[in-house]
Amino acid sequence: MYQHFGLVLMVNHACNLRCTYCYTGAKAHRPMDYMVGARAVDRAVASLARGGVLELGFFGGEPLVEAPLILDLIERARARTACRASRLRINVTTNGTQTSSEAWDVVTLPDVDVAISHDGLPHVHDRHRRTADGRATSDLVAQTIRLLVELRKDFSVVMVVRPDSVDALADGMQYLRSLGVTRVDPSLDLWTHWTREDAQRLEAAIGACADLWIDALPNFSVSWFDEKTAALGRAPVAESARCGFGAGEIAVAPSGNLYPCERLIGEDGPDNAMRLPGHALAGEHFLMRVAAPARSDEACDACAMASICSTTCRCSNYVRTGRMDQPDGLLCLFNQVCARETARVLQRKAKTLPVREVIHAR
Amino acid sequence: MRDRGLPDPNGRPQAMDAGCGVIECIATVAAALVISVLMLAGFPIRMAGATRSTRLKIQERQQQAADAAALDHGARR
């Protein structure tokens, strides 16, 4: 039994956008049947130890095209977790363009952690994130962000970082700050090729973003540096089901097929080597699954920052090298630069921090 | 990137030396205190997945670190 179980439901392959870098495949209208989602929820709850936490995520396509289904499944999850004295955490990742009343019902639920995709500066966002008929979406997403800020809804923004957008990353974060965003989760595009020159520009961008982050603390959060700071400071962070990769974390395609991570579902085709045995409708729980091998690389074993490195993400490793336990140079470089820049700005702050004033301010 | 001490993005991982700035930061008491004080000042540790109970634990630890920092600050003055 798990203390934490992560269940991610891809509720439809469909999406109203055609982002050029999307890795989830064709946007066919293939919605999840309610019973597939409901059975997956039941099995996930049955895999939890009493008092455990179900981390329930909704993914797509664009999940909010199935907002009524999501509301029904949340209701189911609330009832099932309450019966077992378990807790429920819910998250939704959306493109921020769905304006139906049901979609707003989902994103404004107080216990739903919302992540909105926006790539920063409007022209950077609109380069890749357009509707199926080619219309730009940055204004619409910015409008959604402003509304959520007005409603005092806590949310984060996912920024996809690519070679053609990396130079504008820090300016993009500043732009999002100007909209009222307080939490940013930049996400490297791992499906594209990064040259050495791209990597150098990524290094520079990480440095610029780290400066922005430290100067804006504590009112602005950037996951890259938050996580490294917690690791550097040895903060005792809570357990999460994230990266269970089949053991304690399951992603379910609309068809009911099972995967170790939602990022690997793609079009859920018959040749997808990452599909797990079984089906959402067959079985009583998600136990008896063995975790895939962890990171194994001689260089990692010898690395001084191995304990604060996130190259243990099997999904990212698989995307980059075809092996779950093998990170590549890009992931390694990214982690080293994030750790180095986090340390640099923390040490800079150390020289200027009015320790007594900060303490008294509390 | 090798001449900058970083791996080739299209190559294999490359171990970081123990003498790098990151490790020095870990070992520097001042930096650790800064991290603690920043957290005390509202550093958004929830991004690292901290639960309420964990936050309370962290706050307790941070208070100890902050007290030590204040003593140190007072001593230096």
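Residues numbered from 1 in each chain as written. Chains lettered and ligands numbered in written order. Predicted model: local features only at pLDDT ≥ 70, side-chain atom pairs only at ≥ 80, totals over all residues.

1. Details of the overall build of chain B
Scanning chain B from N- to C-terminus turns up three helices and zero strands. Shown N-terminal to C-terminal, the secondary structure of chain B runs as helices and strands in the order α-α-α. Looking at chain B residue by residue over its 77 residues, the buried ones come to 36%. (Helix = DSSP H or I, 4+ residues; strand = E, 2+ residues; numbered from the N terminus. Buried ≥ 20, exposed ≤ 12 C-beta atoms within 10 Å, placed from the backbone.)

2. Focus: the pairing of strand E2 (residues 48–59) of chain A
Residues and elements named next belong to chain A. Among the twelve residues of E2, nine are classified as buried, and the element is accordingly described as predominantly covered. This β-α-β element, strand E1 (residues 2–10) to helix H1 (residues 34–46) to E2, shows right-handed connectivity. As paired elements, E2 and strand E3 (residues 87–94) share six bridges and run parallel to each other. Counted as the bridge partner of Phe 58 is Val 92 from E3. (Right-handed = clockwise from strand over helix to strand, strands pointing away. Pairing = 2+ DSSP bridges.)

3. A closer look at the domain arrangement of chain A
Residue and element names in this part refer to chain A. In terms of domains, chain A is made up of domain 1 (2–279) and domain 2 (298–352). Elements that contribute at least two residues to the side of domain 1 that touches domain 2 include exactly helix H7 (196–216) and helix H8 (223–232). In terms of residue count, H7 provides more of the side of domain 1 that touches domain 2 than any other element does, seven residues in total. Within the side of domain 1 that touches domain 2, the residues separate by chemical class into 16 nonpolar, two polar and four charged. (Domains from an automatic or database assignment. Nonpolar A, V, L, I, M, F, W, Y, C, P; charged D, E, K, R; others polar.)

4. Let's talk about the pairing of strand E4 (residues 112–117) of chain A
All names here are of chain A. Both E3 and E4 contribute to a ladder of five bridges, which runs parallel. Considered in E4, the bridge of Thr 94 is made with Ile 116. Handedness of the crossover is the feature at issue here: the chain leaves E3, passes through helix H3 (residues 101–107), returns alongside E4, and the resulting connection is right-handed. Relative to strand E5 (residues 155–161), E4 runs parallel, the two sharing four bridges. Paired with Ile 116 across the bridge in E5 is Val 157.

5. A few points about helix H10 (residues 314–321) of chain A
An α-helix turns once per 3.6 residues; consequently, residues spaced three or four apart project the same way. Residues and elements named next belong to chain A. With six of eight residues buried, H10 is to be regarded as a mostly interior element. Within the sequence span of H10, burial applies to Arg 314, Cys 315, Ser 316, Asn 317, Tyr 318 and Arg 320. In this fold, the buried residues of H10 make contact with helix H11 (329–352). Count one or two residues on from H10 and you reach Gly 322, which has phi positive near 80°. (Contact = placed C-beta atoms within 7 Å.)

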